[in-house]
Amino acid sequence: LPLLLEATLLRLASSSHHPFYNGFYYNRVMNDKDKGQEKVVYFNGAKLVVETSKDPIYSSNGANVTLPCHYYYEPDMEAKRKIRIKWSKLRDDYTKEQDVLVAIGKTYVAFGDFRGRAHLHQAGRREASLVVSDVRLKDDGKYRCEVIDGLEDESDVVDLRLQGIVFPYQPPHGQYRLNFHEAERACQEQGAILATFNQLFQAWSEGLDWCNAGWLADGTVQYPIHLPRKPCGGLHLAPGIRSYGPRHRHLHRFDAFCFSSALKGEVFYLDHPAGMTLEEAKQSCQDAGAEIAQVGQLYSAWKFLGLDRCDAGWLADGSVRYPIAKPRANCGPTEPGVRSFGFPSKGRFGVFCYKER
């Protein structure tokens, strides 16, 4: 890029100026002598309108997705300048928006984790859609499409949602041992990320009931309850998401709610007649050209691939679990789910392995 153009794009990306009229048009208010009503006079005589999808756009881990965005003028007119487009991602904790991409005409720059994965799709007239390839877990969220024409700018927001599963997570050393940053790391080590409130709410609506409080991505601590009971906020409270609100991210300690999406590979089970220790289990997966599965990978295989195995197996964090898609006798409760034996210090079991396709 020429230095001047690149500098212009960078200034556009870093701008946080949002005046009352969103920087969209210059206007002055005057009295209408005929009807006594206020009248808005636009800077260029036309109103810029930006529209995105009102419905969420759904995708999954590793897929490609297009976030639609179009703009037009009322009344219709042709732009007299090169249109500038800025895409940004709204953060869950309402801090500064994350820059995704800025463009002037056909020239664009993508930023951060979106570099090399994001570009504009401008096949149609006045289209400013964003294409994101190899979608990642943390791409889930709200995106702002902003169109700037000289002194006029307008924006709209579209919601990208990943199809996934929320699961509660406790570390090997017990309940309520994680501060916020440790909870983030714990989820990442299990092939997942901290869940958002919307993801937890969706999981609750699908039946998730868990009486231990856990961190969410916005720094709040909450837990989902379907069957009200005394130890879980009170017997007479309605079902719903119980909230402790924002907690101190360093001092306070809880569990975590993690979010995982579809897999790029497969989870399979290996066994040995005498069972295996954790170290032997890891080696068995390596001998099979795979690696020992993470907790998030097991949940995803159960949720999206229907993995059903009534045999306990080691996972990467040292826990022993097994997935049941079709409940039956001698395989735990009557509901589908991932059963857990906790973190046994001794014992010999099979192992769940994960292999990329």
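Remember, it's a predicted structure, so these values are computed and weren't measured experimentally.

A. Local environment of helix α2 (residues 180–189). Those residues of α2 that sit buried are F180, A183, A186 and C187. Mapping the buried residues of α2 onto a view down its axis gives an arc of 115°, with all of them on the same face. Seen from the buried face of α2, the exposed residues on the opposite side, beyond 90 degrees, are Q188 and E189. The secondary structure elements touched by the buried residues of α2 are β14 (164–169), β15 (193–194), β16 (214–215) and β19 (255–261). The distance from a side-chain oxygen at the start of α2 to the backbone nitrogen of H181 is 3.1 Å, and the residue carrying that oxygen is N179. Phi for G191, located one or two positions after α2, is positive at around 70°.

B. Focus on the state of the cysteines. Considering all chains together, one arrives at five disulfides under this definition. At a sulfur-sulfur separation of 2.0 Å, the disulfide partner of C285 is C353. Here the disulfide of C285 and C353 is left-handed, its torsion about the S-S bond being about -80°. Of the two residues, C285 sits in helix α4 (residues 278–287) while C353 sits in strand β25 (residues 350–356), which places them 68 residues apart along the sequence. Relative accessible area serves as the criterion here: at 0%, C285 is assigned to the buried category. By relative accessible area, which is 0% here, C353 ends up buried. Here C310 connects covalently by a disulfide to C331, the sulfurs 2.0 Å from one another. Residues C310 and C331 are joined by a disulfide whose S-S torsion is about -120°; by sign, that bridge is left-handed. Of this pair, C310 sits in the loop between α5 (295–305) and β22 (313–314) while C331 sits in the loop between β23 (320–324) and β24 (337–340), and the two are 21 residues apart along the sequence.

The rules behind each value
Residues numbered from 1 in each chain as written. Predicted model: local features only at pLDDT ≥ 70, side-chain atom pairs only at ≥ 80, totals over all residues. Heavy atoms only, no water. Buried < 20%, exposed > 50% of the residue type's maximum accessible area, 1.4 Å probe, protein only. Helix = DSSP H or I, 4+ residues; strand = E, 2+ residues; numbered from the N terminus. Arc of directions from axis to C-beta. Contact = heavy atoms within 4.5 Å. Polar contact = N/O pair within 3.5 Å; in protein donor to acceptor, adjacent residues only side chain to side chain. Disulfide = S-S within 2.5 Å.

None of the figures reported here should be taken as evidence of function without further support.
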